[in-house]
Amino acid sequence: MSFERPSWDESFMLQAILTATRSSCLIRKCGANLVKNKRIIASGYNGAPQDIRTCLQNGVCFYQSLAHQDSEKGLGLYQDLKEQRKSLCRVIHAEENALNQCSRYGPQADGSTMYSTNYPCPHCTTSVIIPNGIVKVVVWKDYLRNKLLTMDEYSASKKLLDEAKIEIVKFDLSQERMREIFELTFSVGDRSEYRFNPDQMLIGLES
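Everything numeric here is computed off the predicted structure, so don't read it as measured data. (Residues numbered from 1 in each chain as written. Predicted model: local features only at pLDDT ≥ 70, side-chain atom pairs only at ≥ 80, totals over all residues. Heavy atoms only, no water.)

Chemist: I tried to follow the sheet that holds strand β5 (residues 167–170) on my own but got confused; where do I start?
Modeler: Sheet strands associate in pairs through backbone hydrogen bonding, adopting either a parallel or an antiparallel arrangement. With mixed pairing, 5 strands are arranged side by side in an open sheet as β2-β1-β3-β4-β5. Each edge of the sheet is formed by a strand with only one pairing partner; in this case those strands are β2 (39–45) and β5. Averaged over all pairs of adjacent strands, the angle between their axes in this sheet comes to 20 degrees, without regard to strand direction. Of the strand pairs in this sheet, strand β3 (residues 113–118) and strand β4 (residues 136–141) are connected by 5 bridges, and their pairing is parallel. Its bridge partner being in β4, Met114 is matched across the sheet by Val137. (Pairing = 2+ DSSP bridges. Helix = DSSP H or I, 4+ residues; strand = E, 2+ residues; numbered from the N terminus. Axes fitted to C-alpha atoms, helices over the stretch in contact; angles between N-to-C directions.)

Chemist: Is there a simple way to think about the packing of aromatic side chains in this case?
Modeler: Centre distance and the angle of the planes are the two values used to describe a pair of aromatic rings. Applying the stated criterion to the full structure yields 3 aromatic pairs. Ring plane angle 55 degrees and centroid distance 5.3 Å describe the contact between Phe12 and Tyr115, whose orientation is recorded as tilted. With a gap of 103 residues between them, Phe12 in helix α1 (residues 8–20) and Tyr115 in strand β3 connect regions that are remote in the sequence. Its relative accessible area of 7% is what places Phe12 among the buried residues. With 4.4 Å between their ring centres and 55 degrees between their planes, Tyr119 and Tyr154 make a pair best called tilted. Of the two residues, Tyr119 sits in the loop between β3 and α6 (122–129) while Tyr154 sits in helix α7 (residues 153–163), which places them 35 residues apart along the sequence. Judged by its relative accessible area of 4%, Tyr119 falls in the buried class. Above the face of the Tyr154 ring, Arg145 is positioned so that its terminal group lies 3.8 Å from the ring centre. (Phe/Tyr/Trp six-rings, centres within 6.5 Å; stacked < 30°, edge-to-face > 60°. Buried < 20%, exposed > 50% of the residue type's maximum accessible area, 1.4 Å probe, protein only. Lys NZ or Arg CZ within 6 Å of the ring centre and 35° of its normal.)

As structure tokens, then:
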């Protein structure tokens, strides 16, 4: 059976997706890798800081729980309070956690490419990507978009990245292709049924 092995882009994005499964966020799982010279130098997922109880452990979203409590106190509508309390979220974003690895263990992010499961938010764009010399961002899925707003989080990040002349690439990785690649993992480490054919020896190598 013929199989197209994963490209570098597919490999790095799949690794970001696998990293995202470690996320402790109950709302959205995200992952990011920093890549230099075809080598992953750092990776991160969104979750609470070290030694801080996660929303996954508590079984409830921290800021949404606050919004609900304040709504019960008559301080406003839950939906409005939820947006306001979002700034109190205790999660560190995947992009930040990847950069924290660089700060802690030594690899320099300058000149690297970031592979992210989601389009970066404005905060990560201004505090992580631009000031640390990341030259390219490859994303799988969009972040928050609301076309009714003059500028939503997606368009704010895009404008910042364009101004900073950082290349951003939307990478199409379908579920069908992911299944095809992950199916191969079941045979990793097993001996294949390949049989050497002398008639094929040196084909394409004569010149």
